[in-house]
Amino acid sequence: MRLLMVIPAYNEEDNIVRVVNTIKERYPEYDYVVVNDGSTDHTSKRCHKNGFEVIDLPVNLGLAGAFQAGLKYAYQKNYDCVLQFDADGQHKPEYIKDMLEKLKQGYDIVIGSRFVNKRKERSLRMVGARMLTVAIKLTTGKRIADPTSGMRMFNKAMIKEFAVNMNYGPEPDTISYLLKQGASIAEVQVEMDERVAGTSYLNLTKSAMYMFRMLASIFFIQNFRKRDDKHVIMKRG
Amino acid sequence: MSVALRALLIMMSVGSLVYIVRKIRYSRMQIEYALFWIVLAIIFIVMAVFPQVVYFVCNLMKVMSPVNLVYLFIIAILLLKVFMMTIELSALESKVRELVQQIGINEKEQRDEKGEDNNITGGYKG
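In this text, all values refer to a predicted model and were calculated from it rather than measured experimentally.

Colleague: Help me get a handle on the overall build of chain A, residues and values and all.
Modeller: Looking only at helices and strands, chain A features 8 helices and 7 strands. At 17 Å, chain A has a C-alpha radius of gyration in line with the 18 Å of a compact globule built from 237 residues. Considering only C-alpha atoms, chain A reaches an extent of 50 × 40 × 35 Å along its principal axes. The buried share of chain A, reckoned over its 237 residues, is 51%.

Colleague: I'd like a description of the pairing of strand 2 (residues 31–37) of chain A, backed by residues and values.
Modeller: Residue and element names in this part refer to chain A. Of all 7 residues in strand 2, 6 are buried, a share of seventy percent or more. Pairing of strand 1 (residues 3–9) with strand 2, which is carried by 6 bridges, proceeds in the parallel orientation. Across the sheet, residue leucine 4 finds its bridge partner in strand 2, namely aspartate 31. Between strand 1 and its parallel partner strand 2, the chain crosses via helix 1 (residues 16–26), and the hand of that crossover is right-handed. Across 4 bridges, strand 2 lies against strand 3 (residues 54–57) in parallel orientation. What sits directly across from aspartate 37, in strand 3, is leucine 57. With helix 2 (residues 43–49) bridging strand 2 and the parallel strand 3, this β-α-β connection has right-handed handedness.

Colleague: Lay out the interface of chain B and chain A in plain terms, naming residues and giving numbers.
Modeller: With 17 residues of chain B at the contact, the number on the chain A side is 17 residues. Carbon and sulfur atoms supply 72% of the area that chain B and chain A bury against each other, a total of about 1,600 Å² over both sides. Sorting the residues of chain B by area buried against chain A places Arg25, Ile31 and Leu35 of chain B first, and these three jointly supply 34% of that buried surface. Put simply, chain B and chain A have 0 salt bridges between them. Here chain B and chain A share 5 residue pairs in polar contact (both at pLDDT 80 or more) between them. Taken together, the elements giving at least two residues each to the side of chain B that touches chain A come down to helix 1 (3–25), helix 2 (31–49) and helix 4 (66–114) of chain B. Here the element with the most residues in the side of chain B that touches chain A is helix 2 of chain B; it accounts for 5 residues. Across the side of chain B that touches chain A, the residue classes tally to 9 nonpolar, 3 polar and 5 charged.

Colleague: Quick one: what's the story with the sheet that holds strand 6 (residues 152–154) of chain A, residue by residue and with numbers?
Modeller: Strand pairing in a sheet is mediated by backbone hydrogen bonds. Such pairs are either parallel or antiparallel. Residue and element names in this part refer to chain A. One open sheet accounts for 7 strands, arranged 3-2-1-4-6-5-7; its pairing is mixed. Each having just a single partner strand, strand 3 and strand 7 (185–189) make up the two edges of the open sheet. The mean angle between the axes of side-by-side strands here comes to 20 degrees, regardless of whether they run parallel or antiparallel. Sitting on the sheet, helix 6 (residues 156–164) touches strand 4 (81–84), strand 5 (109–113) and strand 6, and the angle it makes with strand 6 is about 100 degrees. The sheet strands contacting helix 7 (residues 172–180) are strand 5, strand 6 and strand 7, and the helix crosses strand 5 at an angle near 140 degrees.

Parameters and conventions
Residues numbered from 1 in each chain as written. Chains lettered and ligands numbered in written order. Predicted model: local features only at pLDDT ≥ 70, side-chain atom pairs only at ≥ 80, totals over all residues. Heavy atoms only, no water. Helix = DSSP H or I, 4+ residues; strand = E, 2+ residues; numbered from the N terminus. Rg over C-alpha atoms; globule rule 2.2 N^0.38 Å. Buried < 20%, exposed > 50% of the residue type's maximum accessible area, 1.4 Å probe, protein only. Pairing = 2+ DSSP bridges. Right-handed = clockwise from strand over helix to strand, strands pointing away. Contact = heavy atoms within 4.5 Å. Buried area = accessible area lost by both parts, 1.4 Å probe. Salt bridge = Lys/Arg side-chain N within 4 Å of Asp/Glu carboxyl O. Polar contact = N/O pair within 3.5 Å; in protein donor to acceptor, adjacent residues only side chain to side chain. Nonpolar A, V, L, I, M, F, W, Y, C, P; charged D, E, K, R; others polar. Axes fitted to C-alpha atoms, helices over the stretch in contact; angles between N-to-C directions.

See below:
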């Protein structure tokens, strides 16, 4: 299985070198590509100086657009699976092996989940995550313990589907939509680090907007979406 | 509010809801953009079904006729939307400009690497 790690990076000059060097030194068996999402800092410069694999987007597209660029690349290079990986060092590459094992069992998407065997701590952030879990459970009947985890692995069919379609952002509402369409999704317990440098993109207002968008999308919009027949995955018996 | 106005509000809202949902169904619209129209349609339906809400705000703002408040609300929302769209449009235009410029530069660099432009005449040919 050829795996490509897609690492979207927007203004991550403080983290990107450390994160990619860890992968290169300790996990040379995995391919990776940094998608520099029109950063205004030295993200691109540092990548080139260190000889990293990098796709430079000339303008900022946002996470969904940057991630899709990585998936287009994976699709064109005929990779078997893709791992969505954060550039800020929160994700730990030692869990890739477990996720890959799970994917080989025939799942379409494997989520690196913080809460398979562990309980969520009590914080505002986790209230949001829990609401999304409930929303997905209510609309699809399936339980996803960590829908906001940004560490997700996609199989070959998913790579194509994500690469060519509209409204396939790497977000919980897409997970809910795909579950409803019969995709199989598994979770693997992982640990994540706190962010070492830089600031999180989400503040309170943005988080509230994000929650509204996700919940409206999961409860209302995803019910009406029609999947392009060309990409429907075979139901497993 | 008259029954006719309320019926019109409901009809228009339901109509636009159906239209938007169809657009999403066949992947002709991004979810982020659709949400605005869906929320707006739902607000109109609420106003039409429960006009008490409009009457209440009317009293607060000392507006004579509830229907004026509905107009005011619609005009305000539309102005706001146009304003936001202008901002989005100008961001979009500058992105397109940057993209085109970058493609041009990349192409020139590619040709330079192949050495195709290194003839005496240079510049544009033919």
